[in-house]
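Structural characterization, general
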Amino acid sequence: MEQLSTTLNVVMSTDSKTGISVIAPLADVEKLAYEIHRYSSFSTNYFPENILVDCPSDQSSRWSAHTNNPPQYLTLKLKRPAIVKKIKFGKFEKAHVCNIKKFRIFGGIDEERMVLLLEGGLKDDNVPEVFNLRCRTEDGSEELPILFLKVVPLLSWGPTFNFSIWYIELHGQDDPMYTSASLRNYNVLREVEIVKLCLKHFRQQGYDAAFRALQEQTNVQLEHKLITELHKCLVVNGDFEKAEQLITECVNNGLMDTYLSRQDYKHTWRMQPITSKLSPGNRGGHQLVVDTKKRLVYLYGGWDGYRDLSDLWVFDIKTSSWALLFEQTQLFNGPTPRSCHKMVYDSVSENIFMLGRYLDNSIRTTDYIKSDFFLYDTRARTWLQICDDTSQMGGPHLVYDHQMCIDSEKRNIYVFGGKILTPRSVSNSTSSEPEYSGLFSYHIATNTWTQILVDCHHPSAAQADVLSIKSRITHCMVFHTKNRKLYIYGGQRGKEDIDDFITYDVDTQAISVLNKDNNACGGAGGSSVCAHNSGTDVKNEPSPGYTLRATIDCDRDEIYIFSSLSKLKDRRDIQHDDASNSFWVYSLKTYDWSRIYTYRHNAESSNASGKNDLLEPCPRYAHQLIFDDVAKMHYLFGGNPGKSSLPQMRLSDFWILELEKPKRIEILMYCRYLVRKLHYKEMTRKDPLKAMQYLRNHVAEVIDHSNPEQLKNFHKLASLLFRTDDSNTVSGRSPLATPPLGKTLKMDSDAQVENVEAASGADEKRQIDEESANKSGSQPDVINPVEDQFSMESCDSTATTASLSGASDSAVSSASSSIHSRRNSSKRAHDGQQEELRRCRAFLFNKIVQLMPASMVQPERNLSDFVVM
C-alpha cells in the first residue's frame, strides 16, 4: 500500500472548510521551487531553511520561532510567478506540542500587498496535511498569480511553546505559457483599478477636462451609469429632487440591502399577553423548549424559593394561553420534582428528553443520587423513564448546570459539562475538589451512550489515546444543524471564569477555538482545550462572569447571548451597581461579536414584584431563554431577581424579544434626510426665509419625531438661520435678525462701503442697486455677475470723481485701485464659496455610495492614500 501511494503521489489532505482528512492527488499540479525570503525570528539551530527538507525523523529539522508572541511569520518567494493551488505541511514522526494549531496564509505578486489565501490548522499527529489555497480573484473571474507567500502561525498545540514548521511544499503551475494569461489579466485588473482611482481623484478635484480625456482614452467606467447620473444631479447640478428620485430607485432595486444586513439589530422587549386564567407560578432553575411547527412552548419544574416543582405546562403561541398538563409528573411515571435539569425537543419524534437535576447535600445518598433519564411523548401525553441511571449505561453521572443539544437528523443528543453529584462529595474525608462531566452523546435509535471527551482532570485524560476537554458549569452550548458543530462559550470552573469560545465538529471530532487571542492549554492526548481567563471585560464579547443564556439561528448563521446578573454571590444582587442586561450577537460569517444593547437597571424603580418600568426584564439569573426560529422571536420566563432582602423571591414574568434589522424605508428616509439637510443649508445662505419654510415643510417630513436623537438634530438645524458667519451676515447681523438687502434696510455711504467689504459671495453693484431699489420701492433686476462687475466699476468711478473734484490725479488713481482690489477679493470669495459648495456635495455623494455594492460604485480608496510625503 505504501509503494502504491508513492507511485500515485498522494498524501492525506485536510479540507479547509470541513476539516475532513481525504486522499488528495497532486499529479495534476507541479511542485514549485521557492526560497526563504523573509522571517520574523528563529531559535538556535532551528533555521527557516530547514523547512526546505522533509526529515520527519529529525527533531531539529524545522523552523522554530524565537517566541510565540505575534507576529511570527515566514515569507517564501517563488522562482517565478505561479498559480499556487495547494500547500503541504510535513510533520515530525509523532505528535509535538510545537505543531501549529492555527495559521493564516497570505499571498500576492507584491510583498507589501498580499491577500488572505487560507485560514486553517494542523492536527497534532504525524500525518502530513495538504490544504487547498485560494487561487482566484475575489470575484472568481481570474486566477490569482503569486510570487510571495507568507505563513503566519497563530496558535501552537502547546500554548507556552514556540511555533514550529517542519516542512512546506507548494504545488501549482508556474509555466510561463500557463501563467502569462493570468498575469496579463491580473495586470489589466490592476490597471483598471488604477485608472478608476485617477478618475475619482480628477472628479473630486474638479479636473473635468482631465476626467473626460482619461475616460475617453481608456474607455474605463468609474461606476454604474445610475451612480454617475446621481453624481451629476447632486454634485454638479445641485438638483436635489432628481437626486432623491435616483436614490429611491437604488433602494427599491435592493442596492443597499447588503449594507442593511450588516447593521446591528434593533431590539424590542414586550410582555407576552396571557389569555388563560391559569399560568405557571414563580420559579427559577426551570426549563423551556419550543415546538415551532405546532407553535407550542413547554415548561417544566424549577425551584419556587421553597421547594422543587414537578409540573408540566404548555403555552399555545397562537392563542396566548397556558395549560397545565401535569401538576405532579411523578404520579404519572414521570420525573420527581427537580431544578437545574436540562431538556431538549426532538422535532422528528415530537418527544421531550430530560436529564439531570440539583440535589441538596442532605439527600445525596447512594440510593437517591442516580442519573435518571426521561422521555415525554407530546402526542400521547405519556412519560417514559428510559433508564434510572445513565452512568450504568456509559453515560454521565448525575449532573446539574450542564448543557444539552439535539441533532434530530442523526438522532443524537449531546450533553456537555456540569458538576457531578456523587456520594463521594458528601464525605468530608474526600477531596473538596469538585468533579466535572465531559462530553457525551446519546443515540436515540439504539439507546446507547458514548463518552466523546473526558474532563481534562479525569484520571484517563493522561492516556495518549484519550481526548479531553476542560469541563465547566454555567456555560452556553448550541448546535448548528447545517455546519454540524457544537458551539460552547464561557463557563465557570471553581472560582475561575472560562472565556474561551470552542467549536466541536460532531462528524470529524475536530476542536477549534474561535476567540484565538485567548490562551489554551492542551492535556495529554493532544485534543484537549483548556482556556485561561484573560480578562473579557476589555474585549468586545460577553463576560463569562455573568449569567449567560444562548440560542442559535442556523438560517442566519448567528448565535445570540443574553447576559444578566453576575454569577458571583457577593455581586448577584439587583441593587448592585453591576446589575444590568445586555444582548450579544455572534456572526458565524464574519466571526465578530456585536453588542445590541446594554440596559442598566434602576433599582429604585423596581417594586416588590420584581417589575421595573416595563421597558424590559429586570436583571436576573436562573431564568430560561428560548428561540422560535420560525417567528424569529425569543421567549424569556421567570428566574431569580437576586434581591438580598427577599432571598426566596422568584419571578413568573413572560417576555418576548424581537430583533429587527433596519428596513429599506429607514435607509431611504435617512438618505432623504441627508440630501434635504444639505439643500436646506445651501438655502440658508441665499434665502433664509425660504429656507425656514423648507425646513418646516420638507426636512420635517423625513424626521422620525418619536426618535429623541433625530428630533434633537432637527432642532439644531434651525440654529443655522441665526448664524453670524461671513457668508450670511452683514455687519455681524444674522439673516433673520436683519431684513435682506433690497427690502427695508437703509444705509448711509459709510455703512455701504463697510458692508461691501464684509459680504462674501455678493458683488458691489448688487449692493448699490439693492439700496437704490430700497429707496425707490422697486426690486433690483437679476444681473449677470460678469456684467455686474463692469457696471460696478463705471458707477463707482463716476461717483468717486464727482466727490473728489479738484483732487490730485494720484488720489483718484488710489481710489480706483482700491475698488479693483475689493472687486478681486469678492470674486475670490465667490469662487471659494463655490468650491466649498462642491466639496460638501461631493462629501454627501461619497457617504451615500458607501451604502451600495462596491462593484457598482467608485473605489473606496483614494489616490492620495498611496502618496506618502
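Shown above is the structure to which this text applies.
Each helix and strand in the chain was counted, giving 13 helices and 43 strands. Counting every position in the chain, which comprises 869 residues, the buried fraction comes to 49%. In the chain, of all internal contacts separated by at least 6 residues, the share reaching a separation of at least 24 is 61%. Total accessible area computed for the chain in this model is approximately 42,600 Å², and 50% of it derives from carbon and sulfur atoms.

This next bit is on the sheet that holds strand β30 (residues 485-489). Within the open sheet, the four strands sit side by side as β29-β30-β33-β34. Their pairing is antiparallel. The open sheet has two edge strands, β29 (476-480) and β34 (511-513), and neither has a second partner. In this sheet, adjacent strand axes meet at a mean angle of 20° when their direction is disregarded. Two elements, β29 and β30, share five bridges in a ladder whose sense is antiparallel. From the neighbouring strand, Cys476 faces β30, where its bridge partner is Tyr489.

Glancing now at unusual backbone geometry. With a phi angle near 70°, Asn45 is a residue other than glycine that sits in the positive phi range. Even without glycine at this site, Asn219 takes up a positive phi of about 60°. Positionally, Asn219 belongs in the loop between α3 (208-218) and α4 (225-236).

Next up on the list: the pairing of strand β15 (residues 296-303). Of all eight residues in β15, seven are buried, a share of seventy percent or more. Note that strand β14 (residues 287-291) and β15 share five bridges and pair antiparallel. By the bridge assignment for β15, Val290 is matched with Val297. In this antiparallel pair of consecutive strands, β14 and β15, the connection spans four residues, and Arg295 shows a positive phi of 60°. Bridge count for β15 against strand β16 (residues 308-316) is seven bridges, and the pairing is antiparallel. What sits directly across from Gly302, in β16, is Leu309. Adjacent in sequence and paired antiparallel, β15 and β16 are bridged by four residues, among which Gly305 carries a positive phi angle near 105°.

Sheet architecture is open: five strands sit in the order β23-β24-β26-β27-β28, paired in mixed fashion. Edge positions in the sheet fall to β23 (403-407) and β28 (468-469), since each of these pairs with one other strand and no more. Of the strand pairs in this sheet, β23 and strand β24 (residues 412-416) are connected by five bridges, and their pairing is antiparallel. Counted as the bridge partner of Asp407 is Asn412 from β24.

With that settled, the discussion passes to the pattern of salt bridges. Two side chains that carry opposite charge are able to pair once their charged atoms sit near each other. The full count for this structure, using the stated rule, is 35 salt bridges. Here Glu111 and Arg38 are joined by a salt bridge, their closest N and O atoms 2.6 Å apart. Note that Glu111 is positioned in the loop between β7 (100-110) and β8 (113-120) and Arg38 in strand β4 (residues 34-39), a separation of 73 residues in sequence. One continuous salt-bridge network, built from bridges that share partners, spans Lys482, Asp553, Asp555, Arg556 and Lys632.

For a regular strand, side chains alternate in direction, first toward one face of the sheet and then toward the other. Burial within strand β19 (residues 351-355) is extensive, with five of its five residues counted as buried. Because side chains alternate across β19, one face comprises the buried residues Asn351, Phe353 and Leu355, and the other comprises Ile352 and Met354, equally buried. In terms of strand pairing, strand β18 (residues 342-346) meets β19 through five bridges, oriented antiparallel. By the bridge assignment for β19, Asp346 is matched with Asn351. Counting the residues in the hairpin turn of β18 and β19 gives four residues, including Glu350, whose phi is positive at 60°. Two strands pair when backbone bridges link them, and β19 and strand β20 (residues 373-377) are joined in this way by five bridges, in the antiparallel orientation. Bridge pairing in β20 places Asn351 opposite Asp377.

Counted at 1.5 Å a residue, the expected span for helix α5 (residues 240-252) with its 13 residues is 18 Å, and the 18 Å between its end C-alpha atoms agrees. Residues of α5 that are buried: Phe240, Ala243, Glu244, Leu246, Ile247, Thr248, Cys250 and Val251. Two residues or fewer after α5 comes Gly254, characterised by a positive phi angle close to 80°.

Let's shift gears to the nonpolar core. The biggest cluster of nonpolar side chains holds 44 residues, and the ones touching the most others in it are Ile247, Met256, Tyr680 and Ile848. Looking at this core, the elements with two or more residues in it are α4, α5, α7 (664-686), α8 (688-699), α9 (708-718) and α13 (809-849). Looking at this core, the element that brings in the most residues is α7, giving nine residues. Setting aside residues up to four positions removed in sequence, Tyr680 forms contacts with Ala691, Tyr694, Leu695, Val699, Leu717, Ala718, Leu720 and Leu721. In this structure, Ile36, Val84, Ile105 and Ile109 belong to the second largest nonpolar core, which totals 33 residues.

With that settled, the discussion passes to the environment of His623. Mapped onto the elements of the fold, His623 is located in the loop between β40 (592-600) and β41 (624-628). Classification of His623 as buried rests on a relative accessible area of 0%.

So, on to the packing of α7 against α9. Packed helix pairs are characterised by how far apart their axes lie and by the angle those axes make with each other. The geometry of α7 relative to α9 is characterised by a closest axis approach of 11 Å and an angle of 15° between their N-to-C directions. Accordingly, the angle class assigned to the pair α7 and α9 is roughly parallel. Where α7 crosses over α9, the handedness of that crossing is left-handed. Here Tyr673, Lys677, Tyr680 and Lys681 of α7 come into contact with α9, specifically with Asn713, Leu717 and Ala718. When the residues that make up the contact of α7 with α9 are grouped by side-chain class, the tally is four nonpolar, one polar and two charged.

Mapped onto the secondary structure, Arg600 falls in strand β40. On the basis of relative accessibility, which here comes to 54%, the residue Arg600 falls in the exposed class. Sequence-wise, Arg600 and Ala579 are 21 residues apart; in three dimensions their C-alpha atoms are separated by 6.5 Å.

Definitions and limits used
- Just so you know, the residues in each chain are numbered from 1, in the order the chain's sequence is written.
- The predicted nature of this model means local features are confined to residues of pLDDT at least 70 and side-chain atom pairs, given and counted, to a pLDDT of 80 or more, with totals for whole chains, interfaces and linings taken over all residues.
- With hydrogens and water set aside, each side-chain value is computed from the structure's full complement of heavy atoms.
- Under the DSSP-based scheme used, a helix requires at least four consecutive residues in state H or I and a strand at least two consecutive residues in state E, with every element numbered from the N terminus.
- Relative accessibility under 20% of the residue-type maximum defines a buried residue, over 50% an exposed one, and the middle range a partly exposed one, all with a 1.4 Å probe and only protein chains included.
- The contact criterion used throughout is that any non-hydrogen atoms of two residues lie within 4.5 Å.
- Throughout, the Shrake-Rupley method with a 1.4 Å probe supplies accessible areas, and for residues the shown protein chains are the sole cover considered.
- At least two bridges found by DSSP between two strands is the condition for calling them paired.
- In this analysis, axes come from line fits to C-alpha atoms, helices being fitted only over the stretch in contact, and the angle between any two N-to-C directions falls in the range 0 to 180 degrees.
- We define a salt bridge as a contact between a side-chain nitrogen of Lys or Arg and a carboxyl oxygen of Asp or Glu at a distance within 4 Å.
- Multiplying 1.5 Å by the residue count of a helix minus one yields the expected span of that helix.
- Remark: nonpolar core denotes a set of buried residues (Ala, Val, Leu, Ile, Met, Phe, Trp, Tyr, Cys) joined through side-chain atoms within 4.5 Å.
- Angles below 35 degrees are treated as roughly parallel, those above 145 as roughly antiparallel, those between 65 and 115 as roughly perpendicular, and all remaining angles as oblique.
- Crossings are classed by handedness, with left-handed meaning an anticlockwise turn of the near helix from the far one by less than a right angle and right-handed meaning a clockwise turn.
- Side-chain classes follow a simple rule in which Ala, Val, Leu, Ile, Met, Phe, Trp, Tyr, Cys and Pro form the nonpolar group, Asp, Glu, Lys and Arg form the charged group, and the remainder, Gly included, forms the polar group.

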